[in-house]
Amino acid sequence: MKRTIRKVAVIGSGVMGSRIACHFAGIGVEVLLLDIVPPALSDSEQAKGFSLNDKQVRNRIVNDAMAATLKSKPSAVYTKDVVKHITTGNIDDDLPKIAGCDWIIEVVVERLDIKQKIFDQVEKYRKPGTLVTTNTSGIPIHLMSEGRSEDFQQNFCGTHFFNPPRYLRLLEIIPDPKTNPEVLDFLMDYGDRFLGKTTVLCKDTPAFIANRVGVFGFMAVFKAMQQLGLNVDEVDTLTGPVLGRPKSATFRTGDVVGLDTLVHVARALPENVPNDEAKDIFKLPPFLEKMVENKWLGDKTGQGFYKKVKIKSKNLNTPDTSEILTLNLDTMEYGPKVKTKFATIEAAKPVDDLAQRLKVLYNGTDKAGEFYKLFHHLLFAYVSHRIPEIADELYKIDDALKAGFGWEIGAFESWDALGVQQVREQMKAGGFEVAAWVDEMLGKGFTTFYKTENGQRKYYDIRTGSYQPIPGTGTFILLEHLDEKVVWKNSACKLYDIGDDVVALRWNTKMNSIGGEVLEAVQKSVVIAEEKYKGLVIANGGANFSAGANVGLIFMFAAEQEFDELDMAIRQFQATTMRLRYSSIPVIVAPHGLTLGGGCEMCLHADAVQAAAESYIGLVEVGVGLIPGGGGTKEMALRAGDRNIKEDIEVNYLQQIFINVGTAKVSTSAHEAFENFVLRPGFDHISVNPDRRIADAKRNVLGMWERGYTQPVARNDIKVQGRGGLGGLLSGIHGMWRGNYISDYDKFIVEKLAHVMCGGDLSQASLVSEQYLLDLEREAFLSLCGQKKTLERLQSILTTGKPLRN
């Protein structure tokens, strides 16, 4: 049966339901979002004379939920206009409309009786063959399908999204005993390709995979915290980015996900899995019991482990501020955040490679080191015993933890990084028992859970006692696993042969910043590709594509007034981006995550961009006291001039681009990057699943080659507005300055930017060359490097990570 998902019904508009609806709408699917009719009028509805029969009353719950979701931060949508794909309604009046839907997703409260009642009604209206799935975090799937029709059961399963579904990539697929295998295959593929998910096929065991292990991870942290006498702020320092976890770490993550979800799973597991060897660890600590009693459930109730409070300004001329308070788990009172410092953390921070950093953390000798040992020993013992109970393949546990909880490295991957044999011996000495299969694996001489052979990643399979390829990874191109395919490298970069006569460049620097070695590698990669290959892809691993140019290098040259060196560096950067633009082979850049400054400039000069949906792209140089100097200012002026519209509107278009660059605006998604003129319709594309972006880029490179790619001709016909356009921009700048929206120095910087984008001091609109604009850009950049306040901003970035507002 060929399935096409054109319209989805989401029943239940709570925190999860409304966000699931937004995620489908974000990929262009029509969504029908339904919820219950309110039982009574609100005070405002009574005051307006409404009745329970009025549509705005009957749809109040669903509409309020959508409004709250659209205001939520981080944003639940790629762009605000996705709401046009969502139609709201209520179950009493609008449930018959599900007959026109291809997929019906139930997302109501976690109670079996209520879910069964919903399915009773769904059966009345759904078309035969329509997919029906439940978003449950732990209710057994088979209990929900009992008594349903054969067609319903064959097309029914669990689809467990994680909150927030836009950002957490896990989608657990849990089959019912009677689910048609074709349905599972379809959902595994659709979730991957269209929803951008890491799809994991689970067993119908309590809490499935991610919550079973992830909630254990929370409880293990609580145990270690209490045993070692740590507080909330200390634990979130220990379990955040330094450990390869999200910035939300442990307690902030708990607030985002909702403590009710955490507590629901923790309470249910000991009862549902009485043979779990670690069931005692799921007993709720007293502080968690008290928080549930107080309804301090996190973001959904306004407070949890953290609480945001407003601080009213004492001065009428200054706005109110806010402060994040931390819960003291001993007194159960909120107070200011406590500064934390551990020697182990300080030693680990300079280590960029996560696997190597884990070793520093694990081997620490202070309280932090004790925490890491205890936590990892608890975790490793637990996951070893979950094979084959919750998954037959160990990689599924790692995939679920990484995609569902934002871990950069899975449990078994962490064990590999620390050394399986060595850690096993320490665990044994500490009284931590692992499953027998681990010792059997080590006894065979296999010392890791994963290995890579011929570019293919394999996992240790306990059923066969051998390494097996991880299914599905053949559709992805993961450069970090292709070391035997390197055709050229320097100390920071590697160029890989990714097959079919296409090469891919990747670099590995701090935050993937761009310095001389990266620029050298880009130019060398173009030369090699032109000589031997059909095209070039530029992509990186890690959390981000690139945070931009090497600020430290710029600061050093500027502080020492080495302006000749700085001029050469800027010329090299401009020459590199122009080499991308004017090569004889197609070049596609495939960004993800932060793609700032110089990283954005590389995208602007590629033949095309294949961006991950979660790409945050922008020219941010103004924020550090500079203007884009690697061709970015030139390119945005070029794009403004290329608009085929009337001249007066063209000036307005220039103003929009100027505002984006002048305010250092960063697109909050690849979709928004089109609205911000960084990505171009018809040229650039989006991969919703970031793991597919390199393969997608490679496919597009080959398509451009096969269509007869021709090297572009250098531009000498760029229309700039001269003094006419400059006057309008300067007027706007003056207004922003007079309104105290920008500082004196901001005004100085953006006036330089306006000068370049309008083509300099030209008496009228004129046609100029790219080199003309590049020279103006470089001159302005160098002049700003000589300013004391620019040096102060650069130094602030280097020391605090934040720009100084001077």
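Up top is the structure these notes are about.
Residues numbered from 1 in each chain as written. Predicted model: local features only at pLDDT ≥ 70, side-chain atom pairs only at ≥ 80, totals over all residues. Heavy atoms only, no water.

1. So, the overall build of the protein chain
The test is simple: A run of H or I in DSSP counts as a helix once it spans at least four residues, and a run of E counts as a strand once it spans at least two, with each numbered from the N terminus. Each residue's exposure class comes from its accessible area (1.4 Å probe, protein chains only) as a fraction of the maximum for that residue type: buried when under 20%, exposed when over 50%, partly exposed otherwise. Residues count as neighbours in contact if any of their non-hydrogen atoms are within 4.5 Å of one another. All accessible-area figures derive from a Shrake-Rupley calculation using a 1.4 Å probe, and residue coverage is judged against the displayed protein chains alone. All tallies of charge rest on Lys and Arg as positive and Asp and Glu as negative; His and the ends of each chain are not included. By convention, the charge on Lys lies at NZ, on Arg at CZ, on Asp at CG and on Glu at CD.
Along the backbone of the protein chain there are 33 helices and 25 strands. Overall size of the protein chain, expressed as C-alpha extent along the three principal axes, is 80 × 75 × 65 Å. Buried residues in the protein chain amount to 56% of all 806 residues. Restricting the contact set of the protein chain to residue pairs at least 6 apart, pairs at least 24 apart contribute 69%. For the protein chain, the accessible area works out to roughly 34,300 Å², and carbon and sulfur atoms hold 52% of it. Of the side-chain charges in the protein chain, 95 are positive and 101 negative, and the distance between the mean point of each set is 2 Å.

2. Points about helix α1 (residues 15-26)
Selection rule: What a helix is expected to span follows from its residue count: subtract one and scale by 1.5 Å.
Here α1 contains 12 residues, and its C-alpha end-to-end distance of 17 Å stays within 8% of the 16 Å for a straight helix at 1.5 Å per residue. In terms of burial, α1 is largely enclosed, as 11 of its 12 residues are buried. Taken together, the buried positions of α1 are M16, G17, S18, R19, I20, A21, C22, H23, F24, A25 and G26. Positioned one or two residues after α1, G28 has a phi angle of 95°, which is positive.

3. Looking at the packing of helix α22 (residues 516-532) against helix α24 (residues 563-581)
Threshold: The axes used here are C-alpha line fits, helices contributing only the stretch in contact, and every angle between their N-to-C directions lies in the interval 0 to 180 degrees. Each angle gets one of four labels, with under 35 degrees taken as roughly parallel, over 145 as roughly antiparallel, 65 to 115 as roughly perpendicular, and the rest as oblique. For a crossing to be left-handed, the near helix must be turned anticlockwise from the far one by less than a right angle; the clockwise case is right-handed. Only Asp, Glu, Lys and Arg are considered charged in this grouping, and only Ala, Val, Leu, Ile, Met, Phe, Trp, Tyr, Cys and Pro are considered nonpolar; every other residue, Gly among them, is considered polar.
Remark: α22 packs on α24, axes separated minimally by 10 Å, with the N-to-C direction vectors making an angle of 30°. By the angle between their directions, the pair α22 and α24 is classed as roughly parallel. As α22 runs across α24, the sense of the crossing is left-handed. Only Q572, F573, A575, T576, R579 and L580 of α24 make contact with α22, whose side of the interface consists of G516, L519, E520, V522, Q523, V526, V527 and E530. Among the residues forming the contact of α22 with α24, the class breakdown is seven nonpolar, four polar and three charged.

4. Points about the nonpolar core
Going by this rule: Here, the term nonpolar core denotes a set of buried Ala, Val, Leu, Ile, Met, Phe, Trp, Tyr and Cys residues that are joined through side-chain atoms within 4.5 Å.
Residues L288, F305, I397, F412, W415, W437 and F449 are the most contacted members of the largest nonpolar core, which totals 119 residues. Tallying contributions element by element places helix α10 (residues 210-228) first for this core, with 12 residues. Ignoring anything within four residues of it in the chain, the contact list for F412 reads V383, S384, I387, L394, I397, D398, W437, F449 and Y450. With 81 residues, the next largest nonpolar core counts L505, A558, Y653 and L679 among its residues.

5. Examining a positive patch on the surface
Using the following cut-off: Patch construction takes residues with relative accessible area above 30% that form no salt bridge. Like charges are linked within 9 Å, and nonpolar side chains (Val, Leu, Ile, Met, Phe, Trp, Tyr) are linked within 5 Å. Take a side-chain nitrogen of Lys or Arg and a carboxyl oxygen of Asp or Glu: if they are within 4 Å of each other, that pair is a salt bridge.
A cluster of basic residues, K73, K80, K308 and K310, forms a positive patch at the surface. Position of K310 among the secondary structure elements: in strand β9 (residues 306-311). Assessed through its relative accessible area of 79%, K310 is described here as exposed.

6. Here's the deal with the sheet that holds strand β5 (residues 131-134)
Short version of the rule: Strands qualify as paired when DSSP identifies two bridges or more between them.
Read from one edge of the open sheet, eight strands run β3-β2-β1-β4-β5-β6-β7-β8, paired in mixed fashion. If you trace the sheet from one side to the other, it starts and ends with β3 (86-90) and β8 (198-201), each paired once. If you compare each strand with its neighbour and ignore which way they point, the axes differ by 25° on average. Running at roughly 155° to β8, helix α9 (residues 181-193) makes contact with β4 (103-106), β5, β6 (156-161), β7 (170-175) and β8 of the sheet.

7. Re the packing of aromatic side chains
We count it as follows: Pairs were defined over the aromatic rings of Phe, Tyr and Trp, the Trp ring being its six-membered one, requiring ring centres within 6.5 Å. Orientation was assigned from the angle between planes: stacked under 30 degrees, edge-to-face over 60, tilted for the rest. Criterion for a charge above a ring: Arg CZ or Lys NZ at most 6 Å from the ring centre, at most 35 degrees from the ring normal.
Taken as a whole and assessed by the stated rule, the structure comprises 34 aromatic pairs. The aromatic ring of W407 is capped on one face by R245, whose charged end is 3.6 Å from the ring centroid. Between the NZ or CZ atom of R680 and the centre of the ring of F683, over which it lies, the distance is 4.5 Å.

Purely spatial values, then, with no claim about function.
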